[in-house]
Amino acid sequence: MASSSSLVQFLFLLFFVSHLPSSFSRPANIMFDLGRDSSTLQYWIKITQGTPQTAMKLVLDLGGKLPWLRCHKGYNSSSIRPVKCTTTLCSLASKPVNSTCLPKKTCSIYTSNPVTKSVGKGELMSDRVAVKSNPDDSEGIPVVSPRRFAFGCTTTSNFLSGLFKGAKGVAGLGRSSALSVVTQFAVGFRLPRIFALELSGGFSNNVYFGGGPYIHPDFSSESNTNRILEYTPLLVNPKSTDEYFVDLKSIQIHGKTVPIDKKLISINKETGVGGTKIDIQTPYTTLETSIYKAVIKVYNEWAKSENITMVAAVAPFTSCYMSSTLPSWLYSGFRISPPSLSFVFPKNQLNVAWWDLFKVNDAVHCVAFVDGGSNPLTSIVIGAAQIGFLEFDISRSRLGFMQPNYMSGF
C-alpha cells in the first residue's frame, strides 16, 4: 500500500502537471527574506502572487494547514480560479482543512487565525505564485517561472484581527497538511519536503524551502559551506499533527540539569497535552510554571556563584542582571562563551551560547524565558529567541540544528 506522503504527492501532481511548462527547470531550493513586525513580533514572508503580480505579506504559521488571504476585498487578479467541489483537490482538502463541499461550484473550507485562534469560513481558490531560487556563490537570484497554487480565501469579516498591520493573510507550514506551503512548494517545484528557518541576530533572517545548500547572502562563502547539522527525531502529537514536536529529555543551564517532572515533557496520547514544540511566533521560550520556576532558580544560583548583580525585573521577564557584572572572555577580538543553556535530546543536544539572555538595554540583561502558566496545552514552547538555525525535514521526520560557533558568535 502506498504511503500517505506518496499519495499526497500523486494527487497534487494530478493538479499541477498540466501547469508545468515543457522547459521546466527545478530550482536548487527557494529562499524568502523573513521579515518581523516590531510591534507584534510576528514573522512574515512576502509572496508574489496573481496577474498582475502583487507582493503580499503573510504571517508565518508553523502549524497552519494552508495559506489563506482576505482576498474578496482588494484582491484583483485575472488568473485566480475557484477550485470546484468535484475536483480531486477539494476532496484532498476535505480532511486536513476541515472542508465541507456544499452543492455549489466552489469548494468551501474553514480557515484558522493563529493569533486569535478563531476559525472562519472561506473558499478554496488557486492562482499563480512566483518565487526566487536561493543563489549560489557566483550567480544572482533568478526568478522561477510561476506555478499555480491553492489557498484559502476567507470570507469571514475582520478575520485579519490580531495580525500585524499590513498583513494580508497567513502562510501555513503545517507538517501533515496536503495544502501547506511546504507541500505545495515541494510538489510544484519538485523539491524535498524540507524547510529551514534562519534567525541570524544582526543579519537578515531567511526561510528556505527544498533543503540545502543554504546560502545566506550576508555570510562569507566559508560560513555558508561549513554548515554542519545534527539531527533529532520529530514527534507526532496525535491531537495536533501539523505542529512540530521534539523529544526533549532535559534542560541544562551552565552544566546543571534542571529538575523537571518527566510527565510534563511527555505528550499525552489521548489529550495531546504536554511535550515540547517549536513555534516561531512565540517570541521567547515559554515554560509551564513549575518548569519556569526551576529554570529561574538555577539561573539565579549561577548568577550568585559568579557575583552577578540582580536588578529589577523587566516585563515579561522576572529575572534580570546588571550587564556590566556578567562574565565575558576576550580572545583575539572575539567573544568566547561556553554554552549557557542546552536543550537535551535522546542522542544529542542543542547548545545555546547567547540566546538565553535578552539585552533590554546597555545596562540590563534578562533571562529570556516566559512563564506559560500552570496548565498550558504544551509544557515547553521553544520560541524565536532560541531558534537560531533549524531545518524541518518532514520527509524524514527529523529536526536539524546547527551548534553556535563560540569563537565568532554565528
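What you see is a predicted model, and the numbers here were worked out from it, not measured in a lab. (Residues numbered from 1 in each chain as written. Predicted model: local features only at pLDDT ≥ 70, side-chain atom pairs only at ≥ 80, totals over all residues. Heavy atoms only, no water.)

Caption draft 1: Seen up close, the state of the cysteines. Across all of its chains, the model carries three disulfides by this definition. Here Cys71 engages in a disulfide with Cys153; their sulfurs sit 1.5 Å apart. Taken together, the residues Cys71 in the loop between strand S5 (68–69) and strand S6 (81–82) and Cys153 in strand S9 (residues 143–154) connect sequence positions 82 residues apart. Take Cys71 and Cys153: they sit in the same class, and that class is buried. In this model Cys320 forms its disulfide with Cys366; the gap between the sulfur atoms is 2.0 Å. Disulfide Cys320-Cys366: the torsion about the S-S bond is 100°, which places it as right-handed. In this pair, Cys320 sits in strand S20 (residues 320–322) while Cys366 sits in strand S26 (residues 364–367), placing the two residues 46 residues apart along the sequence. Judged by relative accessible area, Cys366 falls into the buried class, the value being 0%. Each disulfide in the protein links cysteines that, numbered along the sequence, combine into the pattern 1-4, 2-3, 5-6. (Disulfide = S-S within 2.5 Å. Helix = DSSP H or I, 4+ residues; strand = E, 2+ residues; numbered from the N terminus. Buried < 20%, exposed > 50% of the residue type's maximum accessible area, 1.4 Å probe, protein only.)

Caption draft 2: Quick look at the nonpolar core. Membership of the largest hydrophobic core comes to 72 residues, with the highest contact counts inside it found for Phe195, Phe209, Ile280 and Phe343. Element by element, the count of residues in this core is highest for helix H5 (residues 289–305), at nine residues. Residue contributions to this core reach at least three from each of two domains, namely domain 1 (30–209) and domain 2 (230–401). Ignoring anything within four residues of it in the chain, the contact list for Phe209 reads Asn29, Ile30, Phe32, Leu173, Val181, Val182, Phe185, Leu191, Ile194 and Phe195. (Core = buried A, V, L, I, M, F, W, Y, C linked by side-chain atoms within 4.5 Å. Domains from an automatic or database assignment. Contact = heavy atoms within 4.5 Å.)

Caption draft 3: Fine view of the pattern of salt bridges. Using the criterion set out here, one finds six salt bridges in the structure. A salt bridge links Lys65 to Asp242, with the shortest nitrogen-to-oxygen separation between them at 2.9 Å. Within this pair, whereas Lys65 is found in the loop between strand S4 (54–61) and S5, its partner Asp242 is found in the loop between strand S13 (230–235) and strand S14 (245–246), the two being separated by 177 residues in sequence. Judged by relative accessible area, Lys65 falls into the partly exposed class, the value being 32%. Salt-bridge contacts for Glu243 lead to Lys277; the nearest nitrogen and oxygen are separated by 2.6 Å. Highlighted residues: Glu243 in the loop between S13 and S14 and Lys277 in strand S17 (residues 276–278), separated in sequence by 34 residues. (Salt bridge = Lys/Arg side-chain N within 4 Å of Asp/Glu carboxyl O.)

Caption draft 4: Quick look at the packing of aromatic side chains. Enumeration over the complete set of coordinates arrives at 20 aromatic pairs. Plain terms: the ring middles of Phe32 and Phe209 are 5.9 Å apart, the flat faces sit at 90° to each other, and that makes the pair edge-to-face. Of this pair, Phe32 sits in strand S1 (residues 30–33) while Phe209 sits in strand S12 (residues 206–209), and the two are 177 residues apart along the sequence. Both rings, one in Tyr208 and one in Tyr214, keep their centres 5.0 Å apart while their planes meet at 65°; by these two values the pair is edge-to-face. According to the relative accessible area criterion, Tyr208 is buried, its value standing at 0%. With relative accessibility at 7%, the residue Tyr214 sits in the buried group. Clustering of aromatic rings is evident, with ring pairs tying together Phe32, Phe149, Phe185, Phe189, Phe195, Phe209, Tyr244 and Phe392. Lying over the aromatic face of Trp44, Lys57 brings its terminal NZ or CZ to 4.6 Å of the ring centre. Across the ring face of Tyr231, the terminal group of Arg398 is positioned such that the distance to the ring centre comes to 3.6 Å. (Phe/Tyr/Trp six-rings, centres within 6.5 Å; stacked < 30°, edge-to-face > 60°. Lys NZ or Arg CZ within 6 Å of the ring centre and 35° of its normal.)

Caption draft 5: Geometry of the confidence of the model for the protein. Residue-level pLDDT values for the protein average 83, and 80% of them are 70 or greater. Ignoring residues within four places in sequence, the model shows residues 329–336, a span with pLDDT below 50, making 16 contacts including any to other chains. (pLDDT = per-residue confidence, 0-100.)

Caption draft 6: Here's a closer look at H5. Here H5 is 17 residues long and its end C-alpha atoms lie 24 Å apart, about the 24 Å a rise of 1.5 Å per residue gives. Burial in H5 covers these residues: Thr289, Ile291, Tyr292, Ala294, Val295, Ile296, Val298, Tyr299, Trp302 and Ala303. Residue Asn307 follows H5 closely and has a positive phi angle near 60°. (Expected span 1.5 Å × (residues − 1).)

Caption draft 7: Broad picture of the sheet that holds S20. Strand order across the open sheet formed by four strands is S19-S20-S26-S25, with antiparallel pairing between neighbours. Of all strands in the sheet, those with a lone pairing partner are strand S19 (310–311) and strand S25 (357–359), marking the two edges. Bridging between S19 and S20 involves two bridges; their strand directions are antiparallel. Bridge pairing in S20 links Met310 to Tyr321. Strands in contact with H5 are S19, S20 and S26; relative to S20, the strand with the most contacts, it is inclined by about 15°. (Pairing = 2+ DSSP bridges. Axes fitted to C-alpha atoms, helices over the stretch in contact; angles between N-to-C directions.)

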